[in-house]
Amino acid sequence: MTFGGRSLRPWLLLLTAALLFVAECRIFHYPLATGLDALGLFALILVPSYALVWIGARLAGLPLRMACSISDAFVMLNAVLIFFGLYNLQQFHFTPDGGIITRGLFGVDIPWLAGEVHGIRLFGTLRDLHQFACPWQYHDATYRLLALFPRERTLGDLAFAAPLVGYTLLAISVFAFVMRVTAQRAIAWFAVAAWFLVSGWGGLDQSSYALSPSFVFGSVIFLNVLLLLDVRSKHVDSARTRFVLDVAIALLLILLMETKLTSFLVLTASLALLGVIESLRRHWRNGIEFFLVAVIPIVIFALQSRPNSQMPAGDFLIGAPLMGYANHVASLLHVPVSAVSPVTHGLTLEWRSLLIIPYFAFHVGRFVVTDPRILAAIIMLIFVGRKLVTGEHLSRNVAWLLVLILPLGFLLPVLYSPAWYPLALSFYAPLVSTQAAVLIAVPLAFAMLRGTEQVMSDTIEQIAEPIKEGRWDSLLIDDRSGRLPGLIVGGVMRRYAKEHDQPVPPELFLAAGQVYGFGQDDQDLKIQAIQSRLEQIKSTLGDRTLIVTEYIQTGESVGRMAKALQAEGIKFDIASVEADYSAEHQLRKLERRFPGAFDGAQLYVGSSRNGITFYDYTLQAATGVEKVHAEPVVQLIPGQDRSMVVAAREEVAVLQDKLYNKFFS
């Protein structure tokens, strides 16, 4: 549905979310002003975050691309509100007479969390309500953030506003990360559903993300650290880009330290270990940078820690999740529990605390068998784990990091209030390990449902008849993201021409995608550089050329190329492996954005709204080339091992034969 050429879908989704929110406030007797607090939380999080991202992108020379549209975000907001109505608000809500009904962990813990927030308002610091309100050295910025809002709505904010904001941002983060990894929207949507619902199906921690604000906001930061690391691992052509991304990752880790300390410890330890592994593999630059990015936040954390006489172990409690196993083994052996578990004697950090490690196997084994997320990840790693670490979907560094996180989340110390609650933690499954399991299992299980062969088959099907008609005299490949699909299309066209005694269309490459800055002057300089390149190859292009690109989202790359081609009087069509919309809709958007640039051009789209299948390949080693800022050409990656390039070319040749036999034999 459109109005004045603009889609009404986002506004209808937003109106639906507003109506759902008002209805739930009425049904569960929450003040409507909690909506204002939710908007305030969104603003406090998103406004500075977007500003920092924009500044970082300018410094790093990276384009800003949104994997999640406004409509997608509003769909997630509606889904979160529905989930709340069906589950969370059933556990904690108000009655018409002002009473409170609580059930389940989520509902029971809300009043306790409210006491912590009020403690910050009264004392300026967190106070442990289980320890006579003594100062609590606990790193949770979310409590301090909620203390900024009106005290009369603290319960409502904790039960409704904060989880609403956190769940929505978490869903968006899951979607963006999995979309980047699998390049398929359907899988990204499945991942969002799995992230929240699989635990409920298994009878596990369905509401744990709302149980404490640090759970959900720590998860958001954790996912964005992985996302930045994936970007960093695939944009290795600029030292400045790597430095800016390293700084951004370190800052997020420091923020994670103040939000969810367990996730911080596991993630930084895994990243430091990854740095050591990279160094052993003689990838010195990556190894040193990863190690420093992990160690600097750990040093800051150590400098901030202070001893507490009420809590002898400070923030640390080693082996608490294994306490139940220690009790069981001690009873079987008829020995004191302190003989096999150091957490029962003084709660101090000593070398003898390492005695708890043998129970690690029991702890992990229990959750491998009983937690569907971890079990699925282990099974996928056994059978197709090689695909995870080859860089086909995830970058190799992020893949290895997730594999390291999976066991380290169980082995490393649990950071909690050590003076109480050690027995209850015996059922605790480390949050970050289960999250890593979901991120491992979902891409491996579903990314192959619609892989390279299928999207290229869709593309060749669209252009098969024009190829037979001899519509194009040449092939202009958008380098470098279009290099692999361009080689596939070129091979098919070349073979058909030879077998039918037609002129073989030449294949030429043009890098139109990367611009150093974001201003109009930068765009104009890029277009001028493209025109200069076209003047050199104009005689080779013939009467009409086919541009092959990988993915059309904003259309900036093909728009620059179209402007330059029109200026040179060269006729062209475009074949895009994937795009956000159908060919007709996408062409209309391009014509509105670049008036006159696409006159007379045809657009062929293999698959709409599926993502960027070749994106991971092209930003790593499979193409063997890297872009040159503001130049219309690429260059070989210095010192690169060419084995992956050779392997990619072999795969291209196999796929060319399959597609040719399918459409032209």
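Values in this document were obtained by computation on a predicted structure and should not be read as measured data.

> Can you help me understand the overall build of the protein in this one?
From N to C terminus, the protein includes 24 helices and 15 strands. By the burial criterion, 55% of the 665 residues in the protein qualify as buried. Across the protein, the fraction of contacts at a sequence separation of at least 24, relative to all contacts at a separation of at least 6, is 76%. For the protein, the accessible surface area stands at approximately 28,800 Å², while carbon and sulfur atoms represent 64% of it.

> What am I meant to see in the packing of helix 11 (residues 261–280) against helix 16 (residues 396–411) here?
The description of two packed helices rests on the angle between their axes and on the distance between the axes. Between helix 11 and helix 16, whose axes approach to 9 Å, the crossing angle comes to 125°. With respect to their mutual orientation, helix 11 and helix 16 come out oblique. The handedness of the crossing between helix 11 and helix 16 comes out as right-handed. Two secondary-structure elements touch here, helix 11 through Val 266, Leu 267, Ser 270, Leu 271, Leu 273, Leu 274, Ile 277 and Glu 278 and helix 16 through Asn 397, Trp 400, Leu 401, Leu 404, Ile 405, Leu 408 and Gly 409. A breakdown of the residues in the contact of helix 11 with helix 16 according to their chemical character gives 11 nonpolar, three polar and one charged.

> In this structure, what is going on with the nonpolar core? I would like to understand it.
As a rule of thumb, nonpolar side chains are buried together in soluble globular proteins. One finds Tyr 30, Val 178, Leu 253, Leu 271 and Leu 439 to be the most contacted residues of the largest nonpolar core, which totals 101 residues. Examining the composition of this core, we find that 17 residues originate from one element, helix 6 (residues 154–182), more than from any other. Look past the residues within four positions of Leu 253 in its chain and what remains in contact with it is Val 225, Phe 264, Leu 267, Thr 268, Leu 271, Val 293 and Pro 297.

> So what exactly am I meant to see when it comes to the pairing of strand 11 (residues 544–552) here?
Each regular strand shows side chains that alternate between the opposite faces of the sheet. Of all nine residues that make up strand 11, nine are buried, and the element is covered over most of its length. Two strands pair when backbone bridges link them, and strand 9 (residues 474–478) and strand 11 are joined in this way by four bridges, in the parallel orientation. Considered in strand 11, the bridge of Ser 474 is made with Thr 545. Handedness of the crossover joining strand 11 and strand 12 (residues 571–579) through helix 21 (residues 556–567) is recorded here as right-handed.

> Which parts of the structure should I look at to understand the pattern of salt bridges?
For side chains bearing opposite charge, pairing can occur when the charged atoms are close. The full count for this structure, using the stated rule, is 15 salt bridges. Here Arg 544 ties to Asp 573 by a salt bridge, and the two come within 3.0 Å at their closest N and O atoms. In this pair, Arg 544 is assigned in strand 11 and Asp 573 in strand 12, connecting sequence segments 29 residues apart. With relative accessibility at 0%, the residue Asp 573 sits in the buried group. Residue Glu 556 pairs with Arg 593 through a salt bridge whose shortest N-O separation is 2.4 Å. A residue pair is termed long-range when its members are at least 10 positions apart, and Glu 556 in helix 21 and Arg 593 in helix 22 (residues 583–593) qualify at 37 residues. The exposure class of Glu 556 is partly exposed, given its relative accessible area of 23%. Of the residues examined, Arg 593 reaches a relative accessible area of 46% and is grouped as partly exposed. Here the salt bridges share partners, and the residues they tie into one network are Arg 232, Arg 242, Asp 246 and Glu 289.

> Looking at this model, I keep getting lost on the pairing of strand 12. Mind explaining?
Burial runs high along strand 12: eight of the nine residues are buried. Sheet analysis places strand 11 next to strand 12, joined by eight bridges and oriented parallel. Bridge pairing in strand 12 places Ile 547 opposite Ile 574.

> Looking at this model, I keep getting lost on the environment of Ser 238. Mind explaining?
Of note, Ser 238 is situated in the loop between helix 9 (213–234) and helix 10 (239–257). Owing to a relative accessible area of 11%, Ser 238 belongs among the buried residues under this scheme. Between the C-alpha atoms of Ser 238 and Gly 61, which are 177 residues apart in sequence, the distance is 9.0 Å.

> So what exactly am I meant to see when it comes to helix 2 (residues 33–60) here?
Structurally, the α-helix is built with 3.6 residues per turn, so residues lying three or four positions apart point the same way. For helix 2, built from 28 residues, the straight-helix expectation of 40 Å at 1.5 Å per residue is met to within 8% by its first-to-last C-alpha distance of 40 Å. Buried within helix 2 are the following residues: Thr 34, Gly 35, Asp 37, Ala 38, Leu 41, Phe 42, Ile 45, Gly 56, Ala 57 and Ala 60. Just beyond helix 2, the residue with positive phi is Gly 61, at close to 75°.

> Help me understand the side chain of Thr 154 in this model?
Residue position: Thr 154 is located in helix 6. On the accessibility criterion, Thr 154 (4% relative accessible area) is buried. Non-local contacts of Thr 154, meaning those with residues more than four positions away in its chain, are made with Ala 114, Val 117, His 118 and Arg 121.

> Looking at this model, I keep getting lost on the side chain of Glu 568. Mind explaining?
Relative to the helices and strands, Glu 568 resides in the loop between helix 21 and strand 12. Within the buried set, Glu 568 has no salt-bridge partner at all; the shortest N-O distance to an opposite charge, 4.0 Å, is to Lys 538. Setting aside its immediate chain neighbours within four residues, Glu 568 contacts Gln 531, Leu 534, Glu 535 and Lys 538.

Conventions and cut-offs
Residues numbered from 1 in each chain as written. Predicted model: local features only at pLDDT ≥ 70, side-chain atom pairs only at ≥ 80, totals over all residues. Heavy atoms only, no water. Helix = DSSP H or I, 4+ residues; strand = E, 2+ residues; numbered from the N terminus. Buried < 20%, exposed > 50% of the residue type's maximum accessible area, 1.4 Å probe, protein only. Contact = heavy atoms within 4.5 Å. Areas by Shrake-Rupley, 256 points an atom, 1.4 Å probe, with all protein chains shown as cover. Axes fitted to C-alpha atoms, helices over the stretch in contact; angles between N-to-C directions. Parallel < 35°, antiparallel > 145°, perpendicular 65-115°, else oblique. Left-handed = near helix turned anticlockwise from the far one by under 90°. Nonpolar A, V, L, I, M, F, W, Y, C, P; charged D, E, K, R; others polar. Core = buried A, V, L, I, M, F, W, Y, C linked by side-chain atoms within 4.5 Å. Pairing = 2+ DSSP bridges. Right-handed = clockwise from strand over helix to strand, strands pointing away. Salt bridge = Lys/Arg side-chain N within 4 Å of Asp/Glu carboxyl O. Expected span 1.5 Å × (residues − 1). Lys, Arg positive; Asp, Glu negative; His and termini not counted.

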